[in-house]
Amino acid sequence: MADLLIELFSEEIPARMQARAADDLKKLMTDGMVEAGLTYASAAAFATPRRLCLTVEGLLDASPRTVEERKGPKADAPEKAIEGFLRGAGLTRDDLEERDTPKGAILFAKIVKEGRPAADIIAEVLEQTIRNFPWPKSMRWGAGTLKWVRPLHSILCIVSREDGSEVVPLDVDGIVSGNSTRGHRFLAPDAFTVTGFDDYAAKLKRAFVVLDSSERRDAIWHDATNMAFASGMEVVEDAGLLAEVAGLVEWPVVLMGRIGDDFLDLPPEVLQTSMREHQKFFSVRNPKTGRIERFVTVANRTTADDGATILAGNEKVLSARLADAKFFWDNDLRIAKSDVGMAAWVENLKNVTFHNKLGTQAELIERMAVLARELAPMVGADADAAEQAAKIAKADLSSEMVYEFPELQGLMGRYYALAAGMSEEVAAAAEEHYAPLGPSDDVPTAPVSVAVALAEKIDKLTGFWAIDEKPTGSKDPFALRRAALGFIRTALENDLTVPVRQVVAGATHAADAEDLLSFLHDRLKVYLKDQGIRHDIIDACIAMDGNDDLTLLVKRARALSDTLKTEDGANLLQAFKRANNILSQAEAGTNLEYSHGGDVKFAETDEERALFAALDQADSVIAPAMKAQDFSTAMSALASLRPTLDAFFEAVQINTDNDVVRRNRLNLLGRIRTICASIADLTRIDG
């Protein structure tokens, strides 16, 4: 057994590409080696800004010798057929063996593949991996043809065993493999040799390189939080920034600086966004005031002055950045507080296209205002407030701050609406109407915000349906699936009754309400599947009246799902299907329909009379429960029929010779079908 170490050393790899590149290196190399017969015990990949590394343990010294027996044509087959078989097997006629079989004499070939040394296989697979590496972007440099994300400087490739290590010979576009690498660009730039992964990792650490990205992340977060805590502050968590910064440095050195007093009154989100996007700084918050007062930066080296010069330079650059943000903020506030206010921004949106077939952003706002007013009574919001909120919800798109930082849209609208003297609920709608942006985001709960959020999503869906720009397959350029899921979650999580057909009819766009409702039902199935509700159960509920009220539909589906998970519920389903099959056979080819319910006076057995009584009892509970939309009570009453139905089917013969009794019993089954059908279409349930 042997261990393999590979390092591809280059100029700085973009942080966003490092994790994927490490995974790709591991997959391409291990898959290639296994395919060539070289198995291993374990493998791990690492990435730093200047290197990709792969270590493989328990590698075979050589691929095994294999013997394959291949059946060929008959011995008396045409010569061309035999020649073709020989070419495919890479053999001559003398290598074939003729055997007698029940089908006559058959030619067999024994193909022997000798094992290959591990070094030969590794060199071949590594060269293919380097030349065909799936970088999102790559470049050529110098006179060579090799493409890499940044200029590739060296290839370290060694196989180590207990008795020593050897270099795997390899030459890729003039880059010859070896057993040496380099440490930190500034702190330890000289080359050094290694004999295996443990030696490699230890020497890199001494050369100021932390190989494992998770170790770099932990070190940065540990030092940053400790430094902030010592000053009575706290670091604002940002997992994405932490991962990115860990990909920018090989030897992280955490430094904390101050934000100028002139900028402390900027909204914390503005400070955080500006520092994150432009400088890759972490925000440090004062827990007593909630203000962002300091920042954490991560240098890639130690210095004699403990980072003082680096920190001074960062503070100077940050001040220039924040001066721009303060200018945007002050200018936007001046407009928001003016006599014209946010209406000036809305006016500017007349020149901003929402979609070439759906008009401008200003026209979108007008449509949203109409819809929000219509939706307000359904969600418990004040109609005037909902309309006002819809009219200013997207006004901040014209502001200078959002132009500079688009990710702050909505949030800045809230600040500006408050500055303009609008109410808290109207201002909140400017921020919250975009939600939810993802499956884990919270939905808006304030009535005015809910009205505006639903209005935006309905306008988007009906608009793109009207111009026939629906999602197809995996393509959804206008995020209509996300809008549909946002509509569904907002309605369900706020327990709202929002009749889709009525709302679509009230929208400005002439959309096909049934087709759009079907799309919403499909998204609802996906949403509920993650919650353990099967598609067939949802289909059984969609088949009922009122299926455009998604909240009502889901309550029905959840109650039905819970009932069918019980023993009584599952057995009741089988009893219903039995009754429905008997009725279908009796009604087939006739004009008869057994839906009169039967008459207890024609009952001949105690089991029949018991079923009549049980159905009367169940009906007395189910009818008012369904009217009150108490689906759980209705389902429980339905499931309670199970023992009586079991006894009926066991003791009673439906198709008796007495025609009156037979019809009465069929009408009794018809009553079972009618009661079940009042709750859900159980014919659509599998099983």
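None of the values given here were measured: they were computed from a predicted structure.

Parameters at a glance
- Per chain, residues are indexed from 1 in the order of the written sequence.
- Selection of residues for local features in this predicted model requires a pLDDT of at least 70, selection of side-chain atom pairs for listing and counting requires 80 or more, and totals for whole chains, interfaces and linings are taken over all residues.
- Only hydrogens and water are removed before side-chain values are computed, so all heavy atoms of the structure are retained for them.
- Method remark: on a 1 Å grid restricted to protein atoms, a set of points is classed as a cavity if a 1.4 Å probe fits but cannot get out and as a pocket if it is open with protein on both sides within 12 Å along at least five of seven lines; lining residues have an atom within 4 Å of a point.
- Grid points are joined across faces, edges and corners, and a volume is the space filled by probe spheres set on the points.
- Segments assigned H or I by DSSP are reported as helices when at least four residues long, segments assigned E as strands when at least two residues long, and all are numbered from the N terminus.
- Under the grouping applied here, Gly and all other residues not named as nonpolar or charged are polar, the nonpolar ones being Ala, Val, Leu, Ile, Met, Phe, Trp, Tyr, Cys and Pro and the charged ones Asp, Glu, Lys and Arg.
- Type-normalised accessible area, obtained with a 1.4 Å probe on protein chains alone, sets the label of each residue: buried when under 20%, exposed when over 50%, and partly exposed for intermediate values.
- Should any heavy atoms of two residues lie within 4.5 Å, those residues are considered in contact.
- For two strands to count as paired, DSSP must find a minimum of two bridges between them.
- Interaxial angles span 0 to 180 degrees and are taken between N-to-C directions of axes, which are lines fitted to C-alpha atoms, for helices over the stretch in contact.

Peer 1: What exactly am I supposed to notice about empty space enclosed by the protein here?
Peer 2: In this approach the atoms are scanned with a rolling probe the size of a water molecule, which exposes any empty space left behind. Considering all chains together, one arrives at five cavities of 30 Å³ or more under this definition. If you add up the space inside the largest cavity, you get close to 60 Å³. Taken together, the elements giving at least two residues each to the lining of the largest cavity come down to α15 (447–466), α17 (500–506) and α18 (513–529). Residue contributions to the lining of the largest cavity peak at three residues, all from α17. Residues belonging to the lining of the largest cavity are distributed by class as follows: eight nonpolar, no polar and no charged.

Peer 1: Can you help me understand the environment of Ile533 in this one?
Peer 2: Along the chain, Ile533 falls in the loop between α18 and α19 (535–542). For Ile533, a relative accessible area of 5% translates into the label buried. For the pair formed by Ile533 and Asp562, sequence separation is 29 residues and the distance between their alpha carbons is 9.0 Å. Ignoring anything within four residues of it in the chain, the contact list for Ile533 reads Leu528, Ile538, Ala557, Arg558 and Ser561.

Peer 1: It is not clear to me how the side chain of Asp238 should be interpreted in this structure. Could you clarify?
Peer 2: In this structure, Asp238 sits in the loop between β13 (234–235) and α6 (239–246). In contact with Asp238, not counting residues within four places along its chain, are Gln272, Arg276 and Phe282.

Peer 1: In this structure, what is going on with the sheet that holds strand β4 (residues 66–74)? I would like to understand it.
Peer 2: The strands making up a sheet associate through hydrogen bonds between their backbones, and the pairing can be parallel or antiparallel. One open sheet holds the three strands; their spatial order is β4-β6-β5, and the pairing between them is antiparallel. Strands with a single pairing partner mark the edges of an open sheet, and in this sheet they are β4 and β5 (97–101). Each strand axis lies, on average, 35° off the axis of its neighbour in the sheet, ignoring direction. Sheet analysis places β4 next to strand β6 (residues 104–113), joined by seven bridges and oriented antiparallel. Paired with Arg70 across the strands is Ala109, a residue of β6. Contacts from helix α2 (residues 79–89) reach β4 and β6 within the one sheet, and its direction differs from that of β4 by about 170°.

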